[in-house]
Amino acid sequence: MFIKSVNITLNGDPLDVPGPVSVTALLESLTIDARRVAVEYNLVILKRAAFDQTIVREGDHIEIVNFVGGG
Amino acid sequence: MAGSIVASDHFVIAGKTFQSRLIIGTGKYPSNAVMAKAHEASGADMVTVAVRRVNISDRSKESLLDYIDTSKMFLLPNTAGCYTADEAVRTARLGREAGLSNWVKLEVIGDERTLFPDNEALVEATRILVREGFVVLPYTSDDPIVCRKLEDAGAAVVMPLGAPIGSGLGIQNPNNIRIIREFSRVPVIVDAGVGTASDATFAMELGADGVLMNTAIAGAQDPVAMAESMKLAVRAGRLAYRAGRIPRKMYATASSPVEGLVGR
C-alpha cells in the first residue's frame, strides 16, 4: 500500500511522518509508550481510548506530554 | 498515651487517607536511583511530578515512572511553570490524562525571580478545575484571606508557602501559618521553603496538617539521609502539636522540689 507523508507540528516543531496514521501508530513509530503520555490533538485533549480512531493528517498540531521530575 | 494520639491521627484529603504527612517531589535529584531510595526513606506516599513535552528527538532517556512504584505512591501532577490560569488549566487537564487521577497541585506563578503565586489567577483556575471535577491542591501565598478564597472556590486543601520555592529559608511568617490553620476547614499543607528538618518540625508545630518539599531533600548532600530526617521531623512536629506544648513564661520555674533541701 502506498503511504504518503504528512507534515505536522509535533511539540512545537515541524515533522514529516508517514501518514495519514492513527495516534496509536504515530506513538508506536516514535517508540512512545501510550500508557504513559497524554496527547493533545489540535488543542483537544484525547482520551486514551480515542488514540486508535484519531487520524493524524497534514497540518495537525500534536502535543505529547509525560511526567518528569518536579516539585 | 502516645499510642492513642498516633492511632487516631489520619491524614485525609478529599476522602483519601494517607499514611504520611510528608509529601515530596521528584525533581533535581542526582539520579533517579537516589530519588527512589530517598522516596523509600521518607515514608511519603504521595509525590509531585511535572507535566512536560516528551523529548521526541532523544528517546534514550529513562522514564521517571520506572523509578516510582505507583501501586504504593500516589502521583500528584503539578502545573509548575504556568503563568496564567489558562496555561495551568490546560496543564492540569493533560496531567489528568497522563496520570491516574483527577488530582492536581495547582501553581500559577506571578513572578519569575521569586516564583510567588499570582493569587488572582490561582483562584480563577481553582474555580474552573473544581467545576471540572478536579481535586485541587493550590500552592499559594501565606495569606489567610487568599487561603479563604481558595477554600470558597472549592480547593481540597490550601498550600501556603513557608518561603520562596527552593530557597531553604524556613518558615518566614509563622504567625500567618498559624492563622491560616485557625481559619481553614480544609487541611493546610506548608509547601516550599523548608531548608532542614527543624523547619518541617516548626511547620507542623504551628498546626500544619502536612508539609510538601522537594529541594530540601533532593538538594541535600545526602538526599536519602535527609529524606529520613524529614520523615522524623514531620512526625515529631505533629506529635508535639497534638501533645500540646507548655505556655511560654518569662522567668524560670524549678523542675525539682523547693522543699526538703539539705541544710535549710
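None of the values given here were measured: they were computed from a predicted structure.

Conventions we followed
- Residues numbered from 1 in each chain as written.
- Chains lettered and ligands numbered in written order.
- Predicted model: local features only at pLDDT ≥ 70, side-chain atom pairs only at ≥ 80, totals over all residues.
- Axes fitted to C-alpha atoms, helices over the stretch in contact; angles between N-to-C directions.
- Helix = DSSP H or I, 4+ residues; strand = E, 2+ residues; numbered from the N terminus.
- Left-handed = near helix turned anticlockwise from the far one by under 90°.
- Contact = placed C-beta atoms within 7 Å.
- Nonpolar A, V, L, I, M, F, W, Y, C, P; charged D, E, K, R; others polar.
- Buried ≥ 20, exposed ≤ 12 C-beta atoms within 10 Å, placed from the backbone.
- Pairing = 2+ DSSP bridges.
- Core = buried A, V, L, I, M, F, W, Y, C linked by C-beta atoms within 7 Å.

**Describing the packing of helix H3 (residues 85–98) of chain B against helix H4 (residues 119–131) of chain B**
The packing of two helices is summarised by the inter-axis angle and the distance between the axes. Residues and elements named next belong to chain B. As a packed pair, H3 and H4 sit with axes 9 Å apart at the nearest point and diverge in direction by 35 degrees. Of the two elements, H3 crosses H4, and the hand of that crossing is right-handed. In this structure, H3 contributes Ala85, Ala88, Val89 and Ala92 to the contact, and H4 contributes Ala121, Glu124, Ala125, Ile128 and Leu129. The residue makeup of the contact of H3 with H4, split by class, is 8 nonpolar, no polar and 1 charged.

**Overview of the environment of Ala88(B)**
All names here are of chain B. Mapped onto the fold, alanine 88 is located in helix H3. Since 29 C-beta atoms lie within 10 Å of it, alanine 88 is described here as buried. Measuring from C-alpha to C-alpha, the distance between alanine 88 and lysine 105 comes to 10.0 Å, with 17 residues separating the pair along the chain. For alanine 88, the residues in contact, after removing those within four places along its chain, are Thr79, Cys82, Leu106, Glu107, Val108 and Ala125.

**Some points on the interface of chain B and chain A**
Between chain B and chain A, the contact holds 27 residues from the first and 19 residues from the second. Mapped onto the side of chain B that touches chain A, the elements with two or more residues apiece are strand S4 (46–53) and H3 of chain B. Residue contributions to the side of chain B that touches chain A peak at 6 residues, all from S4(B). Here the residues of the side of chain B that touches chain A sort into 13 nonpolar, 8 polar and 6 charged. Judged from the 5 bridges that link them, strand S7 (residues 61–69) of chain A and S4(B) form a sheet pairing that is antiparallel. Each bridged residue has a counterpart across the sheet, and for Val68(A) the counterpart in S4(B) is Ala50(B).

**Structural notes on the nonpolar core**
Residues and elements named next belong to chain B. Core analysis: the largest hydrophobic core is formed by 85 residues, its most contacted members being Leu106, Ala203, Val211 and Met230. If you tally residues by element for this core, the top one is H3, at 6 residues. Other than its neighbours up to four places away in sequence, valine 211 contacts Arg21, Leu22, Ile189, Val190, Val194, Ala200, Ala203, Met204 and Val234.

**Some thoughts on the sheet that holds strand S6 (residues 103–106) of chain B**
Residues and elements named next belong to chain B. Read across the open sheet, the 3 strands follow the order S6-S7-S8; overall the sheet is parallel. Unpaired on one side and paired on the other, S6 and strand S8 (159–160) mark the two borders of the sheet. Here S6 runs beside strand S7 (residues 135–140); their pairing, made up of 4 bridges, is parallel. Counterpart to leucine 106 in the pairing with S7 is proline 138. Here H4 sits on the sheet in contact with S6 and S7, set at roughly 175 degrees to S7.

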